[in-house]
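Read off the chains here:
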Amino acid sequence: MWGAASAAYQIEGAWREDGKGPSIWDDFARIDGKTFEGTNGDVAVDHYHLFLEDVALMKKMGLKAYRFSVAWSRIIPDGDGEINPLGLDFYEKLVDALIENNIEPVLTLYHWDLPASLQERYGGWESRKTIDAFVKYCRALYERLGNKVQYWVTMNEQNVFIPLGYRWAAHPPAVTDLKRMYAANHIVNLANAAAIKLFRELVPQGKIGPSYGYGPIYPLTADPSDVLAAENAEAFNNEWWLSVYCTGKYPKFVMKQLKNLGIAPEVSPEDEVLLQSVRPDFLGINYYHGGTVKTNRLEKKDDTEKQFSKTDPYLMQPKSQQALTPETPMFNGVENPYLTKTDWGWEIDPVGFRIALRRIQSRYDLPIFITENGLGAADLLTPDKHIHDSYRIAYLEEHLLELEKAITDGVEIIGYCAWSFTDLLSWLNGYKKRYGFVYVDRDEHDEKNLARIPKDSFYWYQKIIATNGELLQEAES
Ligand code: FCB
């Protein structure tokens, strides 16, 4: 399934329309200095009003699947009170328009815009009340859309919103506390499991799974100490989340370190039962890049040592592990000397995509839905209104070729959603960093006309879809 993706807060706008309640991102963007140049999603790219125009463009492109997320506070404005029928109506209209155009809807239940009221009243994901609220919200969507939507994503990148929200304070609720981080993460795991459990009852024919931001971790050298450091980083950055999703169990190695330091989540026997009672139908994988590490042996320190930016979601900063073990820290992030980077400093690693897919399949043995992959850039609109984004085409082409190899290797892939369909708000870079196939004419503080202009990559992807990828093979030979 050739697709493209988006998320409610990043595209919809209409932040207080038709009964929508505020989300934690609406509030966060109102606090001075929290978001990039004070940008917010009040209008975003106004998809709420322009969705039919956007779906018409998807049809023109030949898209087979469209992944979007639902804004929880449109459905239940205060998070767990009255259901707002106008919110449900909006998503049903969107789903109907997609289906009429033969585009498979892929619905994400949680893409980071928690109703603000749940944060205020209960402390958001630090409270078990938020699990009940999430289940109530999911029920409303399963009941309304369960017979129309076949693919459902529970949590988007729990491994990103939890560290950024509770360790690095780059996302709301802007906490910097490891104990609270692990506690909130456990609550989200329970909510994820409870949502899947209810799904089995109400939408037995559908498919559901979380979307995980996976990046493979490499050792800098073949020195076994570096390899061990990479295993440590892989355990803390990936296994910690993926094992719970797939087996219902926390990995023992990481849990032991957390217990030693008194920051492990409290897991009751009932929690274990819930976590182990479900298994997703697929794993959603968002792939951008991985990370490279080396051992922390002091004599090995050199110039290549990299301080990961606090805001790079794909590898927790090595410092984050400093408190975690007597072998402080367990790994140091370094530059990978073999990889080039995007303008935003994200490594470009298409082979890592194949490695990622192979690792995940062999560890967890579930079909994989690629729910995000793409390149952010400051695209230029030419005076004659074109966007020549050859760099994006090259990026996507290289990744799709590796995806094809992974399929040949035996990895089971349900679909591929590029990030993103239209340009949209970047959580950390406002409207400056663009990802779309479709340019949207707006800048940081000026909404302009929000005109949609297909980029060169739009026409390229259109051809790839029309030939079911054959064009890729031609380009390779
Ligand atoms: C991912 C998010 C997505 C988008 C991309 C670039 O972490 O899931 O919303 O911002 O990064």
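Residues numbered from 1 in each chain as written. Predicted model: local features only at pLDDT ≥ 70, side-chain atom pairs only at ≥ 80, totals over all residues. Heavy atoms only, no water.

**What about the confidence of the model for the chain?**
Then step 1. This prediction gives the chain a mean pLDDT of 92; 92% of its residues lie at or above 70.
Then step 2. Ignoring residues within four places in sequence, the model shows residues 298-313, a span with pLDDT below 50, making 37 contacts including any to other chains.
Then step 3. In the model, residues 318-327 has pLDDT below 50 throughout and makes 30 contacts with residues more than four positions away in sequence or in other chains.
Then step 4. Predicted complex metrics record ipTM = 0.95 and pTM = 0.94. (pLDDT = per-residue confidence, 0-100. Contact = heavy atoms within 4.5 Å.)

**Thoughts on helix α14 (residues 390-409)**
Then step 1. End to end, α14 covers 29 Å across 20 residues, agreeing with the expected 28 Å (1.5 Å per residue, within 8%).
Then step 2. For α14, the set of buried residues is R392, I393, Y395, L396, E397, H399, L400, L401, E402, L403 and A406. (Helix = DSSP H or I, 4+ residues; strand = E, 2+ residues; numbered from the N terminus. Expected span 1.5 Å × (residues − 1). Buried < 20%, exposed > 50% of the residue type's maximum accessible area, 1.4 Å probe, protein only.)

**Quick word on the packing of aromatic side chains**
Then step 1. This model, assessed by the stated rule, comprises 37 aromatic pairs.
Then step 2. A ring pair is formed by F134 and Y137, whose centres lie 6.0 Å apart and whose planes are at 45°; its orientation type is tilted. Linking F134 with Y137, this pair stays in helix α7 (residues 129-145), spanning three residues, or about one helical turn.
Then step 3. Taking 6.5 Å as the distance between ring centres and 45° as the angle between the ring planes, the aromatic pair formed by Y212 and Y214 counts as tilted. Accessibility classification places Y212 together with Y214 in one group, the buried group.
Then step 4. Grouped by ring-pair contacts, the aromatic residues Y9, W25, F28, W72, Y110, W112, W125, F134, Y137, F161 and W427 constitute a single cluster.
Then step 5. Over the aromatic face of W168 sits the side chain of R167, whose NZ or CZ is 4.6 Å from the ring centroid. (Phe/Tyr/Trp six-rings, centres within 6.5 Å; stacked < 30°, edge-to-face > 60°. Lys NZ or Arg CZ within 6 Å of the ring centre and 35° of its normal.)

**Things to note about the site of the ligand**
Then step 1. If you check the shell around the ligand, you find 12 residues, and the closest are Q10, H111, N156, E157 and W427.
Then step 2. Between an oxygen atom of the ligand and a side-chain N or O atom of Q10, the distance comes to 2.9 Å.
Then step 3. In this structure, W427 approaches the ligand through a side-chain N or O atom, which is 2.8 Å from an oxygen atom.
Then step 4. Calculation on the ligand without its partners gives an accessible area of 300 Å², and the protein chains cover 94% of this total.
Then step 5. Of the residues belonging to the shell around the ligand, the class tally is six nonpolar, four polar and two charged. (Near = heavy atom within 4 Å. Polar contact = N/O pair within 3.5 Å; in protein donor to acceptor, adjacent residues only side chain to side chain. Areas by Shrake-Rupley, 256 points an atom, 1.4 Å probe, with all protein chains shown as cover. Nonpolar A, V, L, I, M, F, W, Y, C, P; charged D, E, K, R; others polar.)

**Details of the nonpolar core**
Then step 1. In terms of nonpolar packing, the biggest core is built from 154 residues, with W125, F134 and W152 touching the most fellow members.
Then step 2. Among the elements that make up this core, the one with the highest residue count is helix α9 (residues 178-202) (14 residues).
Then step 3. The residues contacting W125, other than those within four sequence positions of it, are W72, Y110, L114, T130, F134, M155, F161, Y166, A184, I187, V188 and A191. (Core = buried A, V, L, I, M, F, W, Y, C linked by side-chain atoms within 4.5 Å.)

**Digging into the UniProt feature "active site" (unreviewed entry) in the chain**
Then step 1. UniProt's feature table lists "active site" (unreviewed entry) at E372, given in the numbering used throughout.
Then step 2. Among the secondary structure elements, E372 is positioned in strand β12 (residues 368-372).
Then step 3. We classify E372 as buried; its relative accessible area is 4%.
Then step 4. When near neighbours in sequence (up to four residues on either side) are disregarded, E372 contacts R67, H111, N156, E157, I285, N286, Y287, Y288, C417 and W419. (UniProt positions renumbered as here; feature names shortened; annotations may be inferred.)

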